[in-house]
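Residue-level structure breakdown
Residue strings, one per chain:
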Amino acid sequence: MSSLFGSVLASFLSAIVVAGSAFGQAANPTWITDVTIISSENLDHIGTGSVLIENGHIARVERGPARKKPAGATIVSGKGLFLVPGLIDSHVHLAAVPGVSYEVSLSPAEKKPPMLKRYPEQLPRSYLYFGYTTLIDLAVADHQVLDKFRQAPVHPDLYDCGESLPFANGYPMSFAPPETRFKLFPNFIYDPKQASAIPYEYKPQDHTPAADVASVKRSHGICVKTYFERGFGADRNLPVMGPEVAAEIRRAATQAGLVLMMHANTFEAQKFAVQADVDVIAHGLWNWGDLYKQTELPPEIKDLLDEIVRKRIGYQSTLQVIQGLRAYFDPEYLNTPDIPKVIPAEMLEWFKSPEGKWFKKELADGDVPDATMRQTFDNGPLRRVRLVLAYLASKDANFLFATDTPSSPTYGNLPGLNGYLEMQQLREAGLSLKQIFRAATINNAREFKIDSQVGTIEPGKVANLLLLRKSPLESLDAYDSIVTVWVHGKPISRDSLAATANK
Ligand SMILES: [Zn+2]
């Protein structure tokens, strides 16, 4: 699609986001002075400078020593500090609550257990606490949750892919019982071969790839999310789409100007995604199929990764999907010092209780020792996906920072903190600090066509900014050294965003 259309679309959407936000625009301009500016367009010649915020936008960026103070501006001294663009997480699921079943997650507010009452209020704050000022929800399961999020007093900018496009009776609608799955996933793709397994009221013509993409477009989605997944655990051999269906989705998404994303984490699925010419692969390649025992990266996987690099396909590594499961077998996980900052105390208490670990039983039989389970993750999917990422990093692939929070009912994927943990996983897998920084800022902004609004520190963009004590090009600790978060020019002290500050 043309980039002109993309930026028009982005401005249109951004207008909606701004209109829907409760931020009053600061009356006075803000002038951040003598700060080290780190932004993707100047990574090779970083220096200090000053940034003027006016009417929620970046009005001016000056390199070198601060010049004359703009009239009426509030001065924020950035001396010894670092200014970076707000971070973007391009894969979240806001309606799913970590650590509880989907049934509980999606139940009405009045039916939720008391320990979850304060969670929705804390959710946007936790993302901001770790510097995430833009989020993309990939599969809207409950529009009300997203509406509430957008109405919160402070919240990241939120984009979404509307309702996702699973193949009829395939992943992930297969997890819901047959009587409810079509209600939960009304934007599924009809499969004539399964006519007898699709309720009569769903007409084929309303569930073609083109009709489904049009429905995403009507709901103001910026992306289309579909799946290639044969299943795992008890649900293997799920139906998957063929290349013709994928081609139709591709055509419709291109015509509608939407970014096409495919859930794919197996060798077969990522090959399918590349052939289908998707824009974004929504997971790392941790399932190698028959090649799973290979200790080095097999040549056929290298060939596929070369193709992903050559086509500049956006790559969402989402290592925390695996780490988030492993968390149940790590006795130290719930003692992570940042956890009390991102969830209400009563929720953490419940996670520590025996009932709070219900999901652990679904992951392993009670008699398997934790250490054995940790090894299963470490020597299996984590080992494989790290080899993949190290290779992609060596070729400077188009990494898109993405956490898939929460990717399952796990308490190992908590809002905001999960991003910080994902960065540590990426670093361990071999990405450079620069690659991680770019993935979480400009790469995401470009891929999702919101770079006219966010992603760098340049005049005209929305003033979504972070003031840090440390440089993110020197250590990942920088992302946990936030002093101030600006959202549409409104300054918020990091401490005030913590769950511990919200009593
Ligand atoms: Zn996901």
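1. Some points on the overall build of the chain
A tally of regular secondary structure across the chain gives 17 helices and 15 strands. In terms of overall size, the chain behaves like a compact globule, its C-alpha atoms giving a radius of gyration of 22 Å where 503 residues would be expected to give roughly 23 Å. Here the C-alpha coordinates of the chain stretch approximately 70 × 50 × 50 Å along the principal axes. For the chain, buried positions account for 48% of its 503 residues. Of the contacts made within the chain by residues no fewer than 6 positions apart, 73% connect residues no fewer than 24 positions apart.

2. A few points about the environment of S101
Among the secondary structure elements, S101 is positioned in the loop between β6 (87-92) and α2 (102-105). In this structure S101 comes out as partly exposed when scored by C-beta crowding, with 14 C-beta atoms within 10 Å. Separated by 307 residues in the primary sequence, S101 and S408 have C-alpha atoms spaced 8.7 Å apart.

3. A look at the domain arrangement of the chain
Along its sequence, the chain is carved into domain 1 (3-86 + 456-501) and domain 2 (87-447). With centres defined by C-alpha atoms, the gap from domain 1 to domain 2 works out at 29 Å. Listed by partner, the interface residues are 30 residues for domain 1 and 35 residues for domain 2. Looking at the side of domain 1 that touches domain 2, the elements with two or more residues in it are α1 (3-20), β14 (482-487) and α17 (494-497). Considering every element that reaches the side of domain 1 that touches domain 2, the biggest residue donor is α1, with seven residues. Partitioned by chemical class, the residues of the side of domain 1 that touches domain 2 number 20 nonpolar, eight polar and two charged.

4. Quick notes on the sheet that holds strand β7 (residues 132-137)
Strands sit in the order β6-β7-β8 across an open sheet of three strands; the sheet is parallel. Unpaired on one side and paired on the other, β6 and β8 (157-160) mark the two borders of the sheet. Across this sheet, the average inter-strand angle for adjacent strands is 20°, counted without regard to direction. Inspection of the sheet shows β6 paired to β7 by four bridges, in the parallel sense. Looking at β7, one finds that V92 is bridged to D137.

5. Re the nonpolar core
Core analysis: the biggest nonpolar cluster contains 138 residues, and L83, V224, M261 and I281 have the highest contact counts within it. A domain split of this core shows at least three residues from each of domain 1 (3-86 + 456-501) and domain 2 (87-447). Residues in contact with M261, not counting those within four places in the same chain, are L138, C161, C223, V224, K225, V278, D279, V280 and A282.

6. Remarks on the environment of R63
By the element assignment, R63 lies in strand β3 (residues 57-63). For R63, the residues in contact, after removing those within four places along its chain, are G47 and G49.

7. What about the sheet that holds strand β10 (residues 259-263)?
A sheet is described by the order of its strands in space; here four strands give the open sequence β9-β10-β11-β12, paired in parallel fashion. The open sheet has two edge strands with one neighbour each: β9 (223-227) and β12 (314-315). Inspection of the sheet shows strand β11 (residues 280-281) paired to β12 by two bridges, in the parallel sense. Residue pairing across strands places I281 opposite Y315, the latter belonging to β12.

8. A look at the confidence of the model for the chain
In this model, the chain carries an average pLDDT of 93, and 94% of its residues clear a pLDDT of 70 or more. With pLDDT under 50 throughout, residues 1-26 is counted as low confidence; its partners more than four residues away or in other chains account for 36 contacts.

9. Let's talk about the pairing of β10
Most of β10 is tucked away, with five of its five residues classed as buried. Covered by surrounding structure in β10 are V259, M261 and H263 together with L260 and M262, the residues of both alternating faces. Once the chain exits β10 it traverses helix α8 (residues 267-275) before rejoining the sheet at β11, and the crossover so formed is right-handed.

10. Some words on the packing of helix α6 (residues 209-218) against helix α7 (residues 243-256)
Where α6 contacts α7, the two axes come as close as 8 Å, and the packing angle between them is 35°. For the pair α6 and α7, the sense of crossing is right-handed. Where α6 abuts α7, its residues P209, A210, V213 and K217 lie against V245, E248, I249, A252, A253 and A256. In the contact of α6 with α7, the residues fall into eight nonpolar, no polar and two charged.

How each quantity is defined
- Residues numbered from 1 in each chain as written.
- Predicted model: local features only at pLDDT ≥ 70, side-chain atom pairs only at ≥ 80, totals over all residues.
- Helix = DSSP H or I, 4+ residues; strand = E, 2+ residues; numbered from the N terminus.
- Rg over C-alpha atoms; globule rule 2.2 N^0.38 Å.
- Buried ≥ 20, exposed ≤ 12 C-beta atoms within 10 Å, placed from the backbone.
- Contact = placed C-beta atoms within 7 Å.
- Domains from an automatic or database assignment.
- Nonpolar A, V, L, I, M, F, W, Y, C, P; charged D, E, K, R; others polar.
- Pairing = 2+ DSSP bridges.
- Axes fitted to C-alpha atoms, helices over the stretch in contact; angles between N-to-C directions.
- Core = buried A, V, L, I, M, F, W, Y, C linked by C-beta atoms within 7 Å.
- pLDDT = per-residue confidence, 0-100.
- Right-handed = clockwise from strand over helix to strand, strands pointing away.
- Left-handed = near helix turned anticlockwise from the far one by under 90°.

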